[in-house]
Amino acid sequence: MCSSTLKWFTMAAIFCLAADFHTVAQSGGSFTITKSVIAGGGGQASGGSFSVNGTIGQAAAGTTSVGGAYSVESGFWAGGEGVSRKAPFDYDGDGKSDYSVFRPSDGTWYLALSQGGTMYVQPWGAATDKIVPGDYDGDRITDMAVYRPAEGKWYVIYSQSATINAIQFGLNGDFPLPQDFDGDGRSDFGIWRPSDGTWYLGLSQTGSMYVLPFGLATDKPVPADYDGDGKSEIAVWRPSEGRWYVGNLATGGFGTFDWGLNGDQPVVGDYSGDGRSDYAVYRPSNQTWYRLHTDTFAVVERQWGVANDIPAPGDFDGDGKLDIAVFRPSEAKWYVLTATQAILSQTFGVAGDRPTENAFVF
C-alpha cells in the first residue's frame, strides 16, 4: 500500500523565543519522595546508599519502591526507555479512556466514566466551538476544554482544582492542537495555522512560545510523540502525497514517511504500547484501519466499522495500547476492538454527537 522509507533532514527557518530546557535533581540523606516527577530524563535523586536516575522508572508507576532509608511512591521518570504514559481521554484518572461525547446542540459534555460506572454531564461550550480535551494541569486526568474560533480563545476546566481558565491564543481558522511539547506532563496550547503553514506553541514549562513554519495549507496536522522521548513532535500529513512530515523540536531535524492515500483520515496513537505513536490512517471508503508500528515496522490492517461511522480510537481497556474504535451515529453505539482482539460495545450518545476521541481526527 505504501512505501516504508524513512528519511531525515535538517529543519530550517525555526524561530524560538526563550527556550530553556533543564532537568531537576533531588538529593538529601534520609527522605521520602511522593508523586515525584522528573521530566526529560537525566534527573537524579540520591542520598545515603542509593541513587535513582530519571532516565528509567516506568516499573515504579503506581507502586512503592523501598530500600535502606527511602521510599518512592507512584514515582514517574519520563524520558528514555521507561516513559510514563497516561491513557488519552481519561476523565476519571483510572488509566482507561472513557466513552465521551460533546453535544453541539446543547453545548454539553456527556462522560460515561469507567471508574464506578457513573455518568458525568457538564455544560461547557457552544455549537460552533472545537473541543480540545487534554491534561492541562498535569494530574493525569483529561480536562474538558473548547476552542472558540470566533474569539481565538481557549476555555478550560481544570480537573485538579475545578477552576476555569480562558486563554487568548490563536485566530479564526487555526487548528487547536493541545499536546505536551515540552515533556512536563501537561498539555500545551498549540495551534497550526494553515493560512501560513505555521505552528504556534505556548509551552507550559517555561512560559515561552515557539513559532515554526512547517507544512502547507492543504496538510493535516498530526502532532504526537513519535520517538518516545515524552515530548510531542510537530507533524503534518500531506494527503496529495500520502506522506508524513515529522519535525523534532529538540534536534531541529525532520523526517518523511509514506503511509496512506488521499481521502484517508490520520488516526495517530500508540497502538503497540511501546511509548511511541504509530503511523495510522482510517480509510472511510472501505472502513479499514492501516497502521505501521514505529517500534517494529509491523504492518497491521483491519476492517472495522461501516459506512458513516466516526473513528474514535482510545485505550478503553487500560492496557497502555490504543484500541481501534468507531462511534456509529445511526445506532448511537460504540464498537471497540482491543489489542487482544476482544470486542467491546457500548450504547452511549445520540446522533449528532461528536466523540471526544475524535477531537483531533481531521
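Residues numbered from 1 in each chain as written. Predicted model: local features only at pLDDT ≥ 70, side-chain atom pairs only at ≥ 80, totals over all residues. Heavy atoms only, no water.

## Let's talk about the packing of aromatic side chains
- Applying the stated criterion across every chain yields a total of 20 aromatic pairs.
- Ring centres of phenylalanine 175 and phenylalanine 362 lie 4.9 Å apart, and the angle between their planes is 85 degrees; this geometry places the pair in the edge-to-face category. With a gap of 187 residues between them, phenylalanine 175 in strand E18 (residues 175-176) and phenylalanine 362 in the segment after strand E34 (354-355) connect regions that are remote in the sequence.
- Among the aromatic residues, those joined into a cluster by ring pairs are Tyr226, Trp237, Trp244, Phe257, Tyr279 and Phe297.
- Sitting over the face of the ring of phenylalanine 175, lysine 130 holds its NZ or CZ atom 5.3 Å from the ring centroid.
- When the ring centre of tyrosine 200 is taken as reference, the NZ or CZ atom of arginine 193 above it lies at 4.3 Å. (Phe/Tyr/Trp six-rings, centres within 6.5 Å; stacked < 30°, edge-to-face > 60°. Helix = DSSP H or I, 4+ residues; strand = E, 2+ residues; numbered from the N terminus. Lys NZ or Arg CZ within 6 Å of the ring centre and 35° of its normal.)

## Some details on the pairing of strand E29 (residues 299-303)
- Of the strand pairs in this sheet, strand E28 (residues 288-292) and E29 are connected by five bridges, and their pairing is antiparallel. Bridge assignment links leucine 292 to a residue of E29, and that residue is valine 299.
- Counted along the chain from E28 to the antiparallel partner E29, the turn is six residues long, and its residue phenylalanine 297 has a positive phi close to 60 degrees. (Pairing = 2+ DSSP bridges.)

## Comments concerning the sheet that holds E29
- Taken together, the four strands give an open sheet; going across it, the order is E26-E27-E28-E29, and neighbouring strands pair in antiparallel fashion. The sheet terminates laterally at strand E26 (265-266) and E29, the two strands that pair on one side only.
- Pairing geometry for strand E27 (residues 279-283) and E28, over five bridges, is antiparallel. Looking at E28, one finds that arginine 283 is bridged to threonine 288.

## Some words on the confidence of the model for the chain
- Summarising the model, the chain shows a mean pLDDT of 83, and 77% of its residues fall at 70 or more.
- Note on residues 1-84: pLDDT under 50 across the span, and 167 contacts to partners over four residues away in sequence or across chains. (pLDDT = per-residue confidence, 0-100. Contact = heavy atoms within 4.5 Å.)

## Details of the pattern of salt bridges
- Overall, the coordinates contain 11 salt bridges when judged by the stated rule.
- Note that aspartate 184 and arginine 186 form a salt bridge whose closest N and O atoms lie 3.0 Å from each other.
- Its salt-bridge partner being glutamate 331, residue arginine 328 comes within 3.9 Å of it at the nearest N-O pair.
- Its relative accessible area of 40% is what places glutamate 331 among the partly exposed residues. (Salt bridge = Lys/Arg side-chain N within 4 Å of Asp/Glu carboxyl O. Buried < 20%, exposed > 50% of the residue type's maximum accessible area, 1.4 Å probe, protein only.)

## What about the nonpolar core?
- Ranked by internal contacts, the top residues of the largest apolar core, which has 14 residues, are Trp192, Trp199, Leu201, Leu212, Phe214, Ile234 and Val236.
- Counting only elements with at least two residues in this core, the list comes to strand E20 (198-202), strand E21 (209-213) and strand E23 (234-238). (Core = buried A, V, L, I, M, F, W, Y, C linked by side-chain atoms within 4.5 Å.)

## Regarding unusual backbone geometry
- Despite not being glycine, glutamine 287 has its phi angle at roughly 50 degrees, a positive value.
- Following the sequence through the fold, glutamine 287 ends up in the loop between E27 and E28.
- Taking the relative accessible area as the measure of exposure, glutamine 287 reaches 14% and is therefore buried.

## Looking at the environment of glycine 134
- For glycine 134, the location among the structural elements is in the loop between strand E14 (130-131) and strand E15 (144-148).
- On the basis of relative accessible area, glycine 134 is assigned to the buried category, the value being 8%.
- With 11 residues separating them along the chain, glycine 134 and alanine 145 place their C-alpha atoms 7.4 Å apart.
- Glycine 134 has contacts with Ile141, Thr142, Asp143 and Ser187, leaving out every residue within four places of it along the chain.

## Comments concerning the environment of leucine 177
- Assignment of secondary structure puts leucine 177 in the loop between E18 and strand E19 (189-193).
- Once the C-alpha coordinates of leucine 177 and glycine 190 are considered, the two residues, 13 residues apart in sequence, prove to be 5.0 Å apart.
- The residues touching leucine 177, leaving out its near neighbours within four places in the chain, are Trp154, Asp188, Gly190, Ile191, Trp192, Trp199, Pro221, Pro223, Phe360 and Phe362.

## Considerations on the pairing of E21
- Relative to E21, E20 runs antiparallel, the two being bridged by five bridges. The residue of E21 that forms the bridge with glycine 202 is methionine 209.
- Where E20 hands over to E21, the hairpin turn is made up of six residues, of which glycine 207 adopts a positive phi near 75 degrees.

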